[in-house]
Amino acid sequence: MGILTLTIGRLATAANVSVETVRYYQRRGLLPEPERPAGGIRRYGPDDVRRLQFICRAKAMGFNLTEIEALQQVVGASSCKQTQLLTARKLADVRRRISGLRKLEADLEKQLGKCVQAPAGTPCPTLDVLSGGNVALDQPRSR
């Protein structure tokens, strides 16, 4: 049987993901799907485990599957430069999201302060804002 010894279930377990996740990555082209021998089941080897673990670690760093696909294609003498560009883009994206979250945090703190100060028996300022009444947040958010 050689070096290909893992079933899809054991491959998934080795990377702490579900079998459906493995199949999804295969459909996306991130992970190769080995041939099925006649009357048998597909077998995976150490390279498949390493590739799946690479995908999982990249996801944990915030890379999406499209970015992971690009990272998997980085090879050769300029690989560090290419990876640096992809990582710099991801870092800029993370910083933008952090900035947006800080703004959201400030807006929520401001709204909470209005709720705390609202006299008993009066309408809730947050519910009023959410209903489109008194717009207390600085700027409307759009996606």
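Residues numbered from 1 in each chain as written. Predicted model: local features only at pLDDT ≥ 70, side-chain atom pairs only at ≥ 80, totals over all residues. Heavy atoms only, no water.

Novice: Could you give an account of helix α5 (residues 79–117), with specific residues and numbers?
Specialist: Its 39 residues give α5 an end-to-end C-alpha distance of 57 Å, which sits within 8% of 57 Å, the value for a rise of 1.5 Å per residue. Among the residues making up α5, those that are buried are Leu86, Lys90, Asp107 and Gln111. Looking at the buried positions of α5, the neighbouring elements they touch are α4 (65–72) and α6 (125–130). (Helix = DSSP H or I, 4+ residues; strand = E, 2+ residues; numbered from the N terminus. Expected span 1.5 Å × (residues − 1). Buried < 20%, exposed > 50% of the residue type's maximum accessible area, 1.4 Å probe, protein only. Contact = heavy atoms within 4.5 Å.)

Novice: Account for the pattern of salt bridges, naming residues and giving values.
Specialist: Throughout the structure, instances matching the rule amount to eight salt bridges. As a salt-bridge pair, Asp93 and Lys90 come within 3.6 Å of each other at their nearest N and O atoms. Of the two residues, Asp93 and Lys90 are both situated in helix α5; the distance of three residues between them amounts to about one turn of the helix. Judged by relative accessible area, Lys90 falls into the buried class, the value being 6%. Across the salt bridge formed by Arg97 and Asp93, the nearest N and O atoms sit 2.9 Å from each other. A residue pair is termed a helical-turn pair when its members lie 3 or 4 positions apart in one helix, as Arg97 and Asp93 do in helix α5 at four residues. You can call Asp93 partly exposed: its relative accessible area is 23%. Three or more residues joined by partner-sharing salt bridges are found here, namely Glu67, Lys90, Asp93, Arg96 and Arg97. (Salt bridge = Lys/Arg side-chain N within 4 Å of Asp/Glu carboxyl O.)

Novice: So, the nonpolar core: which residues are in play, and what are the values?
Specialist: Residues Leu11, Val22, Tyr25, Leu52 and Ile68 are the most contacted members of the largest nonpolar core, which totals 19 residues. At the level of secondary structure, the elements contributing two or more residues to this core comprise α1 (8–14), α2 (19–28), α3 (46–60) and α4. For this core, the element with the highest residue contribution is α3, accounting for four residues. Setting aside residues up to four positions removed in sequence, Leu52 forms contacts with Leu11, Ala12, Ala15, Val17, Val22, Tyr25 and Leu31. (Core = buried A, V, L, I, M, F, W, Y, C linked by side-chain atoms within 4.5 Å.)

Novice: Break down the packing of aromatic side chains for me, with residues and values.
Specialist: Geometrically, a pair of aromatic rings is defined through the distance of the ring centres and the angle of the planes. Applying the stated criterion across every chain yields a total of one aromatic pair. When the centroid spacing of 6.3 Å and the interplanar angle of 50° are considered together, the rings of Tyr24 and Tyr25 count as tilted. Of the residues examined, Tyr24 reaches a relative accessible area of 34% and is grouped as partly exposed. (Phe/Tyr/Trp six-rings, centres within 6.5 Å; stacked < 30°, edge-to-face > 60°.)

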